[in-house]
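An overview of the molecular structure
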Amino acid sequence: FDAKIYPNPASSYLSIAYDMEQSGEVTVEIFNISGKKMMHSELGQRNNGNYVETISLNGLENGIYMIRMTAGDSIHTSKIKVTN
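Residues numbered from 1 in each chain as written. Predicted model: local features only at pLDDT ≥ 70, side-chain atom pairs only at ≥ 80, totals over all residues. Heavy atoms only, no water.

Within the structure shown, the criterion is met by 1 aromatic pair. Both rings, one in Tyr-18 and one in Tyr-51, keep their centres 5.6 Å apart while their planes meet at 20°; by these two values the pair is stacked. Linking Tyr-18 in strand E2 (residues 13-20) with Tyr-51 in strand E5 (residues 49-56), this pair joins segments that are 33 residues apart in sequence. With relative accessibility at 23%, the residue Tyr-51 sits in the partly exposed group. (Phe/Tyr/Trp six-rings, centres within 6.5 Å; stacked < 30°, edge-to-face > 60°. Helix = DSSP H or I, 4+ residues; strand = E, 2+ residues; numbered from the N terminus. Buried < 20%, exposed > 50% of the residue type's maximum accessible area, 1.4 Å probe, protein only.)

The next point concerns the pattern of salt bridges. Using the criterion set out here, one finds 3 salt bridges in the structure. Where Glu-29 meets Arg-68, a salt bridge forms, and the shortest distance between an N and an O atom there is 2.8 Å. Within this pair, whereas Glu-29 is found in strand E3 (residues 24-32), its partner Arg-68 is found in strand E6 (residues 63-71), the two being separated by 39 residues in sequence. Assessed through its relative accessible area of 8%, Glu-29 is described here as buried. Residue Arg-46 pairs with Glu-53 through a salt bridge whose shortest N-O separation is 3.0 Å. On the accessibility criterion, Arg-46 (17% relative accessible area) is buried. (Salt bridge = Lys/Arg side-chain N within 4 Å of Asp/Glu carboxyl O.)

Below, the structure is given as structure tokens:
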């Protein structure tokens, strides 16, 4: 499972492009560098196919974060930088 996260660095939103090989629930979580969960977004059930999701970054301060996207049984983790 691979996801393209852009723009990076980001200010007010992130776009996540990904391909679902099988149906499943999709969630996105953002953690600060200390591991504290700063954001959780349930994107819902997705069938197999290509998707682009937009995630608001409102409320996140400038800094480095880890984003974890779960799609069915697959997990993608990336580092993002937020600059306002």
